[in-house]
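# Fold and contact review
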Amino acid sequence: MCGRFAITSPPEAVRAYFRYVEQPNFPPRYNIAPTQPIPIVTAERDARHFKLARWGFLPGFVKDPRDFPLIINARAETLRQKPSFRAALRRRRCLIPADAWYEWRAEGKGRKTPFLLRRRGAGLMGFAGLWETYADPSGGEIDTACIVTTNANGATVAIHDRMPALIEPGDYNAWLDPDETVPPPLHLLRPADDAAIEFFAISPLVNRTVHDGPEIQKPA
């Protein structure tokens, strides 16, 4: 599972990397948690676009969100089978910009050690995601999204058995392609190469979302 992540790169660097047309300005976020707004990158036939979406996917068939479990992750292996994701998988795939994510390794007796995981050498990443505009019975609309996860690679499995599916820049167009007549490129949802990700233990400050500054990323 991926339950926390960070996007701390400057807005202009994120825009240059993902090549969307908007010019949003947003602060660095070191400790993004479920239900909070997250940046997503989508595509129409003319260009890529930047949106903000709630981290917590809501399928269109939901009658009352209060009675529906919060979906922050979707398993790559079962996307085709799950009714919640079928429509979004066909035509509403997205990228979720990030430069780190966090996992907790169980140490026994209820203790867990938080780790920061990122691309080796640091830098931006594009998590595979799905998004949906949810319309409530009163006519209100909200964009929602989730992160697609896959099996951990041979290195990160020591921390957790799942990881975000990282889409490589050369595959962004294929993943974002909104043409629903083209089968979804599920082959892109694979573990990152073992040498691609580095990780280290960090401060337990990350355990609380009130801590949202660079101090939580310092090696323990």
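As shown above, the structure is provided for reference.
What counts and what doesn't
- Residues numbered from 1 in each chain as written.
- Predicted model: local features only at pLDDT ≥ 70, side-chain atom pairs only at ≥ 80, totals over all residues.
- Heavy atoms only, no water.
- Helix = DSSP H or I, 4+ residues; strand = E, 2+ residues; numbered from the N terminus.
- Buried < 20%, exposed > 50% of the residue type's maximum accessible area, 1.4 Å probe, protein only.
- Phe/Tyr/Trp six-rings, centres within 6.5 Å; stacked < 30°, edge-to-face > 60°.
- Lys NZ or Arg CZ within 6 Å of the ring centre and 35° of its normal.
- Pairing = 2+ DSSP bridges.
- Axes fitted to C-alpha atoms, helices over the stretch in contact; angles between N-to-C directions.
- Arc of directions from axis to C-beta.
- Contact = heavy atoms within 4.5 Å.
- Disulfide = S-S within 2.5 Å.

Residue position: G213 is located in the segment after β13 (197-201). For G213, a relative accessible area of 9% gives the class buried. Distance from G213 to A47, taken between C-alpha atoms, is 33 Å for residues 166 residues apart in sequence.

A separate point is the packing of aromatic side chains. Enumeration over the complete set of coordinates arrives at eleven aromatic pairs. Summarising the aromatic geometry, the rings of F5 and F127 are spaced 5.9 Å apart at their centres and angled 65° between planes, so their arrangement reads as edge-to-face. Taken together, the residues span a long stretch of sequence, with F5 in strand β1 (residues 4-7) and F127 in strand β9 (residues 125-135) at a distance of 122 residues. Comparing F5 with F127 shows no difference in burial state: the two are buried. Taking the centre distance of 5.7 Å and the plane angle of 5° together, the rings of F26 and F50 count as stacked. Linking F26 in the loop between α1 (11-18) and β2 (29-32) with F50 in strand β4 (residues 48-55), this pair joins segments that are 24 residues apart in sequence. A relative accessible area of 15% means that F50 is categorised as buried. Put simply, the rings of F5, W55, W101 and F127 touch in pairs and so form one group of aromatic residues. Of note, R93 hangs over the ring of W175, and the distance from its end group to the ring centre comes to 5.5 Å.

The next point concerns the sheet that holds β13. Within the open sheet, the five strands sit side by side as β2-β1-β7-β8-β13. Their pairing is antiparallel. This sheet does not close on itself; its edge strands, each paired only once, are β2 and β13. Across the sheet, the axes of successive neighbouring strands diverge by a mean angle of 30°, strand direction being ignored.

Turning to α1, its buried residues number three or more, namely P11, V14 and F18. All buried residues of α1 lie within an arc of 65° about the axis, which places them on one face of the element. Away from its buried face by more than 90 degrees, α1 exposes E12 and A16. Where α1 is buried, its residues meet β1, β3 (37-43), β4, β6 (93-98), β9 and α3 (172-176). Note on α1: the residue one or two positions beyond its end, R19, has a positive phi of about 60°.

A separate point is the state of the cysteines. A complete count under the given rule lists zero disulfides for this structure. Free of any disulfide, C2 has its nearest cysteine sulfur in C146, 11 Å distant. C146 provides the cysteine sulfur closest to C94, a residue in no disulfide bond, and the two sulfurs are 7.6 Å apart. Exposure remark for C94: the relative accessible area of 0% places this residue in the buried category.

What you tend to see is this: most non-glycine residues have negative phi, and most peptide bonds are trans. Even without being a glycine, T35 presents a positive backbone phi close to 80°. Residue classification places T35 among the partly exposed positions, given a relative accessible area of 47%. Positive phi, normally seen in glycine, also occurs at A122, with a value near 70°. Tracing the chain through its elements places A122 in the loop between β8 (111-119) and β9.

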